[in-house]
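# Chains, contacts and geometry: an overview
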Amino acid sequence: MKRTQVAIIGAGPGGATAAAYLRRAGIECLLIEKDPFPRYHIGESLTGECGAIIRDLGLGDEMARRRHPVKHGVKVFGPTGATSWYVPVMRREGDTLVDSTTWQVRRSDFDAMLLEHARAVGADFMQGEVVNVLRNEQGDVIGVQVRPHDSQHLLDIDADVVVDASGLGTFLSRQDVAAPRVPGRYAKQVAIFSQIANPVRGGEYPDDTLIFYGDKHHWAWFIPLDDEIVSVGVTAPGAYVAARGESKAEFLRRELHELNPNLAERITDDRLVEEVRAIPNFSYNVPRFTGRGFLCIGDAHRFIDPIFSFGVYMAMKEAQLAADAIRDYLDGAHRDAADPFAAYAALSTRAQDALQETVDGFWDFPLAFAFFVHQRYREDFIDIFAGRLFNAPDTFRGLQGLRNLRAHAQQNQMASTA
Ligand SMILES: Cc1cc2nc3c(=O)[nH]c(=O)nc-3n(C[C@H](O)[C@H](O)[C@H](O)COP(=O)(O)OP(=O)(O)OC[C@H]3O[C@@H](n4cnc5c(N)ncnc54)[C@H](O)[C@@H]3O)c2cc1C
């Protein structure tokens, strides 16, 4: 039996960031990770506000030392490859938008850096797999059971709070502690991805993220990882991928040449220099993800769609907010509440819903979306793409514009079926 104030399941960006902020508040915590680091992970392009959290953790210089490519913005190419729109990374100084930058990351290196940092600031670490949840007679979560890598025996760990940062594993949902997963709107998509060497980058900022639109729900990413290697991936409806009947590598290589002319022109060598991987069913929501003794952060409760590179940011921002909520709880706030972490859940849900509206707007109204982003609501979308979704997403006129379009489209549809 071991005891800690906070047990954290998973040491990805969410778990390691939660540990760092808990330590900043003087709280004891134990990170438990099943995979030895460094390990491969997808999710390489970061938003502007993600960069801000990295700097807040004191890791800006370390990112530069590790030579992670600097990202100034994201460019989205239309289906012919001839038109594009661009969203720069900008931060807010008061009401003013100021040029800023963030990073592209090789996750093996980035995640190891975050874990090293969490340990350096005093987080305990255990290599092992969390296999069970401990609950008291009232059903409150009071700890976890771990299979440590260096032992045959299961180990019980008592904790005041358990943070689920297990990513796609959605551990507490699968243990029937949090609610069951509900498939998201993009659940039938499949992503197939790898890396290529020495493609043509071009543009003012050669390390920016490029997105290539093929047709609805069918697109590719291009994310520089160093001076030579670029991460490439294609996301498409599962039915389309299955109908092609190709191996993952055949599929990806052909798509790189066919999906968008602008992407095809960049490929100088289509050898895939990293294992070709696929992730299906990545879109889901765990509707109730907090309760007595536990809360979930990042992919452990919701992932919408990779298109605008929000996953790592959402995990790290929620980690920061969760650490605040846990500090208040340990100081005595909401101790007897049915859900002591309800306020954190509400903040997260509001931001995630705003992100969902943004992604849905892009797919349902691509031309209007491009006009909104480039001209009509430019500042709103610079804020949204940076990740400033947690304060007051209801005030974004750009999102209201998307809602109006949706209402209009629904009225037209009803009129045409009447
Ligand atoms: C195709 C695709 C492309 C993407 N591209 C981007 C992108 O460009 N930018 C971006 O920001 N995001 C992107 N994402 C999303 C991003 O990968 C995730 O949102 C992000 O990694 C979530 O971080 P996390 O800490 O919540 O989970 P993870 O990074 O998945 O970390 C979870 C950790 O928990 C560990 N774990 C799981 N179960 C247990 C257990 N029982 N016991 C112990 N340890 C456990 C795992 O080993 C893992 O290390 C993409 C996602 C997909 C599917």
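This section reports on the structure supplied with the text. Since the model is a prediction, treat every value here as computed from it, not as a measurement. (Residues numbered from 1 in each chain as written. Predicted model: local features only at pLDDT ≥ 70, side-chain atom pairs only at ≥ 80, totals over all residues. Heavy atoms only, no water.)

Let us look at the overall build of the protein chain. When helices and strands are counted, the protein chain shows 13 helices and 21 strands. A globule of 418 residues ought to have a C-alpha radius of gyration of about 22 Å, and the protein chain, at 22 Å, matches this closely. Seen through its C-alpha atoms, the protein chain measures out along the principal axes to roughly 60 × 50 × 45 Å. For the protein chain, the residues scored as buried account for 55% of the 418 residues in total. Considering only contacts in the protein chain between residues 6 or more positions apart, those separated by 24 or more positions represent 71%. In the form shown here, the protein chain has an accessible surface area of approximately 17,800 Å², with 49% of it arising from carbon and sulfur atoms. Side chains of the protein chain carry 45 positive and 56 negative charges; the gap between the two charge centres is 2 Å. (Helix = DSSP H or I, 4+ residues; strand = E, 2+ residues; numbered from the N terminus. Rg over C-alpha atoms; globule rule 2.2 N^0.38 Å. Buried < 20%, exposed > 50% of the residue type's maximum accessible area, 1.4 Å probe, protein only. Contact = heavy atoms within 4.5 Å. Areas by Shrake-Rupley, 256 points an atom, 1.4 Å probe, with all protein chains shown as cover. Lys, Arg positive; Asp, Glu negative; His and termini not counted. Charge placed at Lys NZ, Arg CZ, Asp CG, Glu CD.)

It is worth spelling out helix 13 (residues 397-417) at this point. Helical geometry: 3.6 residues make up each α-helical turn, so side chains three or four residues apart lie on a common side. In a regular helix each residue adds 1.5 Å, so 21 residues correspond to 30 Å; helix 13 covers 30 Å between its end C-alpha atoms and thus fits that length. Within the span of helix 13, buried status applies to Gly398, Leu399, Gly401 and Leu402. Buried residues along helix 13 cover an arc of 155 degrees about the axis, so they all sit on one side. In this structure, helix 13 carries Arg397, Gln411, Met414 and Ala415 as exposed residues pointing more than 90 degrees from its buried face. Where helix 13 is buried, its residues contact helix 10 (342-364), helix 11 (366-376) and helix 12 (378-386). (Expected span 1.5 Å × (residues − 1). Arc of directions from axis to C-beta.)

Moving on, we come to the site of the ligand. The ligand sits among 36 residues. The nearest are Glu33, His41, Ser45, Asp299 and Val312. At 3.3 Å, a side-chain N or O of aspartate 35 approaches an oxygen atom of the ligand. Within the backbone of glutamate 44, a nitrogen or oxygen atom sits 3.4 Å from an oxygen atom of the ligand. For the shell around the ligand, the secondary-structure elements that each account for two or more residues are helix 1 (13-24), strand 2 (29-33), strand 9 (124-135), strand 15 (218-224) and helix 9 (311-330). When grouped by side-chain class, the residues that make up the shell around the ligand number 16 nonpolar, twelve polar and eight charged. A domain split of the shell around the ligand shows at least three residues from each of domain 1 (2-58 + 106-183 + 284-340) and domain 2 (189-280). (Near = heavy atom within 4 Å. Polar contact = N/O pair within 3.5 Å; in protein donor to acceptor, adjacent residues only side chain to side chain. Nonpolar A, V, L, I, M, F, W, Y, C, P; charged D, E, K, R; others polar. Domains from an automatic or database assignment.)

So, on to the pattern of salt bridges. Two side chains carrying opposite charge are able to pair once their charged atoms lie near each other. Summed over all chains, the structure comprises 32 salt bridges. Arginine 106 is the salt-bridge partner of aspartate 226, the closest N and O atoms lying 2.5 Å from each other. A residue pair is termed long-range when its members are at least 10 positions apart, and aspartate 226 in the loop between strand 15 and strand 16 (229-237) and arginine 106 in the loop between strand 8 (102-103) and helix 4 (107-120) qualify at 120 residues. Overall, aspartate 226 belongs to the partly exposed group, its relative accessible area being 26%. Classification of arginine 106 by relative accessible area gives partly exposed; the value is 26%. The closest approach of N and O atoms between aspartate 111 and arginine 107, which form a salt bridge, is 2.7 Å. Highlighted residues: aspartate 111 and arginine 107, both in helix 4, separated by four residues, approximately one helical turn. Owing to a relative accessible area of 1%, aspartate 111 belongs among the buried residues under this scheme. (Salt bridge = Lys/Arg side-chain N within 4 Å of Asp/Glu carboxyl O.)

Following both chains from N to C, one finds helix 11 and helix 12 inclined at 105 degrees, their axes separated by 6 Å at the closest point. By the angle between their directions, the pair helix 11 and helix 12 is classed as roughly perpendicular. From helix 11, Phe369, Phe372, Val373, His374, Gln375 and Arg376 reach across to helix 12, where they touch Arg378, Phe381 and Phe385. A per-class count over the contact of helix 11 with helix 12 returns five nonpolar, two polar and two charged. (Axes fitted to C-alpha atoms, helices over the stretch in contact; angles between N-to-C directions. Parallel < 35°, antiparallel > 145°, perpendicular 65-115°, else oblique.)

Looking now at the pairing of strand 11 (residues 155-164). Strand direction decides the pairing type here: strand 1 (residues 2-9) and strand 11, joined by seven bridges, are parallel. Residue pairing for strand 11: threonine 4 is matched across the bridge by alanine 159. Pairing analysis gives four bridges linking strand 10 (residues 141-148) to strand 11, with the strands arranged antiparallel. Within the sheet, the bridge partner assigned to valine 146 lies in strand 11 and is leucine 155. (Pairing = 2+ DSSP bridges.)

With 114 residues, the main nonpolar core has Ile8, Trp85 and Phe110 as its most contacted residues. It is helix 9 that contributes the most residues to this core, eleven residues altogether. Excluding its chain neighbours within four sequence positions, the residues that come into contact with isoleucine 8 are Gly15, Ala18, Ala19, Leu22, Cys29, Leu30, Leu31, Ile32, Val163 and Ala165. Residues Ile196, Ala236, Val241 and Leu259 belong to the second largest nonpolar core, which totals 21 residues. (Core = buried A, V, L, I, M, F, W, Y, C linked by side-chain atoms within 4.5 Å.)

Here we take up the sheet that holds strand 4 (residues 73-77). The strand order 5-4-14-15-16-13-17 describes an open sheet built from seven strands, whose pairing is mixed. Each having just a single partner strand, strand 5 (84-88) and strand 17 (277-280) make up the two edges of the open sheet. Neighbour to neighbour, the strand axes of the sheet diverge by 20 degrees on average, direction disregarded. As paired strands, strand 13 (residues 189-197) and strand 16 are joined by nine bridges and run antiparallel to one another. Bridge assignment links isoleucine 196 to a residue of strand 16, and that residue is valine 230. Packed on one face of the sheet, helix 7 (residues 248-258) meets strand 13, strand 15, strand 16 and strand 17 and runs near 100 degrees to strand 16. Relative to the sheet, helix 11 contacts strand 5 and strand 14 (209-215), its axis offset from that of strand 5 by approximately 40 degrees.

Before going further, it helps to spend a moment on the pairing of strand 2. Counting buried positions along strand 2 gives five out of five residues, so the element sits mostly inside the fold. Burial along strand 2 is two-sided: the residues Cys29, Leu31 and Glu33 and Leu30 and Ile32 are all buried. Alignment of strand 1 against strand 2, held across four bridges, turns out to be parallel. Paired with isoleucine 8 across the bridge in strand 2 is leucine 31.

That is the geometry; function is a separate question.
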